[in-house]
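Coordinate analysis (summary)
What follows is the residue order along each chain.
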Amino acid sequence: IKPPAIRERKRSPKPPPKNKIGKDELLEFKNTANRYFATQKPYLNPKLKLEELAQEMGYTRNFFSAMVNQAFRVNFNTFVNTWRLKELAAISNNPQTRHLPRARQVAMAGFGSYDSYQRAEQEAAAANKKRQRKTKDGQTSSNAIEKDDE
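In what follows, the accompanying structure is described. (Residues numbered from 1 in each chain as written. Predicted model: local features only at pLDDT ≥ 70, side-chain atom pairs only at ≥ 80, totals over all residues. Heavy atoms only, no water.)

1. A look at the packing of aromatic side chains
Counted according to the given criterion, the structure contains 13 aromatic pairs. Considering the side-chain rings of F37 and F79, the 4.8 Å spacing of their centres and the 65° angle between planes classify their relative orientation as edge-to-face. In this pair, F37 sits in helix α1 (residues 23-40) while F79 sits in helix α4 (residues 76-93), placing the two residues 42 residues apart along the sequence. Exposure class is identical for F37 and F79. Each is buried. (Phe/Tyr/Trp six-rings, centres within 6.5 Å; stacked < 30°, edge-to-face > 60°. Helix = DSSP H or I, 4+ residues; strand = E, 2+ residues; numbered from the N terminus. Buried < 20%, exposed > 50% of the residue type's maximum accessible area, 1.4 Å probe, protein only.)

2. Considering α1
Relative to the 26 Å expected for 18 residues at 1.5 Å per residue, α1 spans 25 Å between its end C-alpha atoms, a close match to the ideal helical length. Those residues of α1 that fall on the buried side of the exposure criterion are L26, F29, K30, N31, A33, N34, Y36 and F37. Considering only its buried residues, α1 is in contact with α2 (50-56), α3 (61-72) and α4. At the exit of α1 stands K41, carrying a positive phi of roughly 50°. (Expected span 1.5 Å × (residues − 1). Contact = heavy atoms within 4.5 Å.)

3. Quick notes on the pattern of salt bridges
In total, this model carries 2 salt bridges according to the counting rule given. Here K41 ties to E87 by a salt bridge, and the two come within 3.7 Å at their closest N and O atoms. You can see K41 sitting in the loop between α1 and α2 and its partner E87 sitting in helix α4, a full 46 residues away along the chain. Judged by relative accessible area, which is 16%, E87 ranks as buried. A salt bridge links E51 to R61, with the shortest nitrogen-to-oxygen separation between them at 2.9 Å. Of this pair, E51 sits in helix α2 while R61 sits in helix α3, and the two are 10 residues apart along the sequence. According to the relative accessible area criterion, E51 is partly exposed, its value standing at 39%. (Salt bridge = Lys/Arg side-chain N within 4 Å of Asp/Glu carboxyl O.)

4. Some thoughts on unusual backbone geometry
Phi at K41 is positive, roughly 50°, even though this residue is not glycine. The class for K41 is partly exposed, based on a relative accessible area of 32%.

5. Focus: the side chain of T97
Tracing the sequence through the fold places T97 in the loop between α4 and α5 (102-108). Ignoring sequence-local partners within four residues, the contact set of T97 consists of I91, Q105 and M108.

6. Some details on the nonpolar core
Soluble globular proteins tend to pack their nonpolar side chains together in the buried interior. Ranked by internal contacts, the top residues of the largest apolar core, which has 22 residues, are F29, F37, L53, F64, F72, F76 and F79. For this core, the elements supplying multiple residues, two or more each, are α1, α2, α3 and α4. Judged by nonpolar contacts, the second largest core, of 8 residues, contains V106, A109, F111 and A120. (Core = buried A, V, L, I, M, F, W, Y, C linked by side-chain atoms within 4.5 Å.)

Rendered as structure tokens:
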């Protein structure tokens, strides 16, 4: 008995690459997100969730995540933690709060735990080191949360 003929499986062509979001749309989103984070300070909530924030800002979870990834070139958690680190720096420099224990300052900045703060700090240090190397090599760098000219 002969084995049945093996049909060659036709491969479907690769799907086209996902459409990149336009520069104008990215810039608008970047400015909107930065403005929202600066005024509403959602990062102070240690239980902040991507889904809730996206809905609050009028986006779907997936669209908001894709926009953060493309506009800031970091994932959602890194974006939020960058704001928390900025807040922690402000708390540490404020004469009314700089005397507080570091763990209290970390909680005030929105970190859920001291460990999550340490991970964010390490990640930021590694990203800065990488950015400095790229700059030395003649490449340009960009800060994840710096506001573009409006």
